[in-house]
Amino acid sequence: MKKLEKLTGVCSLLLNLMPFLLYISLTKEQSDIFVGALPFAIFYAFRHTILLFCRDLEYDYQRLAWIGLYSGIIGYFLGMFGGFQPIFWDLSGVGAGIASRLFPTAISQRKRLIKQGLLPKQDHLKPIFQVVIVLIGVGIIVWVKKPVISFALMLIVTFGAMGSIWKTPHAIRPLPVRLHWSNYLLALILLGAMLLLRLGRSLGFGKPLEWGTALLLIFLITMILALLLNHRRLLHYPNHLRQRIMLYGVCGQYWTLYSTVFIGILYGTRMYSWTIVAYLFAFVFGGILVKQINRLLRFKDYQINLVMIIFGILLTFWLPTYFIGVFIIRSFAGAERKIAIDDYEEATHNYSISSIVNYYYASIAGIISQLVMWGSLFIFAGPTGMNRIFGAFSVGKTSAQSFSIIMNTHLILAGYMIIFIMALIFRLENTKKQELR
């Protein structure tokens, strides 16, 4: 088990990134695009909401890590039987989504504590070797056509992750005396909505489909209202810092969900895999790029980071430079995230949940960005256009009309991101001026 400790980082990357390719490949394998896409929707929904559901456990990253791994084992095991009954793929999306968020977040939090000298250092593979292993995994998922093999591979990865933290206690704190049961009720509503949608679509029953849609609307409305009413109560620190942390969530939709729509639907799964490659290269070489740019340009770090993110967004409007744009966005958004977490720790002296807080706000920003993206796509396409766009995913191409619809959505999402970044620059400039007075 001691040798497996070096693999903690690579297991974290695999659990974080590989499910995107796995569930996209499931979508392409099904004749009914709705039935095929539902496991991906469930995976993505739980990936972006599970931390908000688990806020009672925020001070216990070990427990979060183990919850994520146990969920992943159950999810990937069930996924192996999806070929016999597709509902197992739906259920697997819950476990995979929970694992893809909780385990990497817990590992990220542990790294923050190690950086502060609050935990002993641990050996790990160099980033370049981690990337090589992940690229091998990407190749397997892309080339292997049998989902059962892909799920079996992810099950092995999850067991490997469990072995890598085997000596880590399952918890360091007792369960909270007072649990926020409303969080867990919301999770059950989301799961119930997704499964009713599956039942209604698969069996052709009108009522389950209507109930599922109604439950999904209730979940979305409740989540939005809860975020609007409580986002300032999550933690107390200056608004610009909160907005700065949210930036990563805004940008994250570009290399995850929007790339799935733009690249995956128009150009296929194999082309989409280059988005993950761009992300991995940013993971290894992004810091070097950020340092070199900061040395060349005589501006403040946050000014360079934010302007370079805008530059990366502009590069994504042309396919040959799309992946370079993703590389730049991920590199400089990651640099800005590190600065924001450092500032948060300096302002609050709270090192136990600094990385977890980052993902809270990333989730909030991600949900808002999803509403912008899906809302724009629906406005431009309408119900018929949406069916045509996602129906084309099964053959990896779409019509010229659908291409213009997706590009219009691209404009709206990019415009929203740029407005967000410009507002952040304005807020930071005002803050710096006030500090100088």
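Owing to the predicted nature of the structure, the values given are computational and were not obtained by experimental measurement.

Conventions and cut-offs
- Residues numbered from 1 in each chain as written.
- Predicted model: local features only at pLDDT ≥ 70, side-chain atom pairs only at ≥ 80, totals over all residues.
- Heavy atoms only, no water.
- pLDDT = per-residue confidence, 0-100.
- Helix = DSSP H or I, 4+ residues; strand = E, 2+ residues; numbered from the N terminus.
- Buried < 20%, exposed > 50% of the residue type's maximum accessible area, 1.4 Å probe, protein only.
- Polar contact = N/O pair within 3.5 Å; in protein donor to acceptor, adjacent residues only side chain to side chain.
- Contact = heavy atoms within 4.5 Å.
- Patch = residues over 30% accessible without salt bridge, like charges linked within 9 Å, V, L, I, M, F, W, Y side chains within 5 Å.
- Areas by Shrake-Rupley, 256 points an atom, 1.4 Å probe, with all protein chains shown as cover.
- Salt bridge = Lys/Arg side-chain N within 4 Å of Asp/Glu carboxyl O.
- Axes fitted to C-alpha atoms, helices over the stretch in contact; angles between N-to-C directions.
- Parallel < 35°, antiparallel > 145°, perpendicular 65-115°, else oblique.
- Left-handed = near helix turned anticlockwise from the far one by under 90°.
- Nonpolar A, V, L, I, M, F, W, Y, C, P; charged D, E, K, R; others polar.
- Expected span 1.5 Å × (residues − 1).

The next subject is the confidence of the model for the protein. The share of residues in the protein with pLDDT of 70 or more is 80%, and the mean pLDDT across the chain is 81. Summarising per-element confidence for the protein, the mean pLDDT is lowest in helix α8 (residues 206–230) (62) and highest in helix α3 (residues 61–79) (95).

In this fold, Q62 is placed in helix α3. Relative accessible area serves as the criterion here: at 7%, Q62 is assigned to the buried category. There is a polar contact of 3.5 Å between the side chain of Q62 and the side chain of Y61. Among residues more than four places away in sequence, those in contact with Q62 are T168, P169, H170, A171 and I172.

A contiguous nonpolar surface patch, about 760 Å² in accessible area, is contributed by I128, F129, V132, L135, I136, I140, F281, F285 and I288. Broken down by secondary-structure element, the contributors of at least two residues to the nonpolar patch are α5 (127–143) and α10 (269–296). Element by element, the count of residues in the nonpolar patch is highest for α5, at six residues. Following the sequence through the fold, I288 ends up in helix α10.

Helix α12 (residues 319–348) packs onto helix α11 (residues 301–315) with a crossing angle of 155° between their chain directions and a minimal axis gap of 8 Å. Here α11 is positioned roughly antiparallel relative to α12, judged by the angle of their axes. Considering the relative orientation of α11 and α12, their crossing is left-handed. Along its contact with α11, which presents D301, Y302, I304, N305, L306, M308, I309, F311, G312, I313 and L315, the element α12 presents T321, Y322, I324, G325, I328, I329, F332, A333, A335, E336 and I339. A breakdown of the residues in the contact of α11 with α12 according to their chemical character gives 16 nonpolar, four polar and two charged.

So, on to α3. Over its 19 residues, α3 extends 26 Å from the first C-alpha to the last, a length consistent with the 27 Å expected when each residue adds 1.5 Å. α3 sits mainly inside the fold: 14 of its 19 residues count as buried.

So, about the pattern of salt bridges. Going through the model one piece at a time under the given rule, you end up with six salt bridges. For R112, the salt bridge identified is with D342, shortest N-O distance 2.6 Å. With R112 in helix α4 (residues 87–115) and D342 in helix α12, this residue pair connects regions lying 230 residues apart in the sequence. For D342, a relative accessible area of 30% corresponds to the partly exposed category. Through salt bridges that share partners, R112, K115, D342 and E345 make up one connected network.

Closest axis-to-axis distance for the α3/helix α6 (residues 147–164) pair is 9 Å, and the angle between their directions is 160°. Considered as vectors, α3 and α6 are oriented roughly antiparallel to each other. Of the two possible hands of crossing, α3 and α6 adopt the one that is left-handed. Of α6, the residues touching α3 (which contributes W66, L69, Y70, G72, I73, Y76, F77 and G79) are F151, M154, L155, T158, F159, A161 and M162. Here the residues of the contact of α3 with α6 sort into 12 nonpolar, three polar and no charged.

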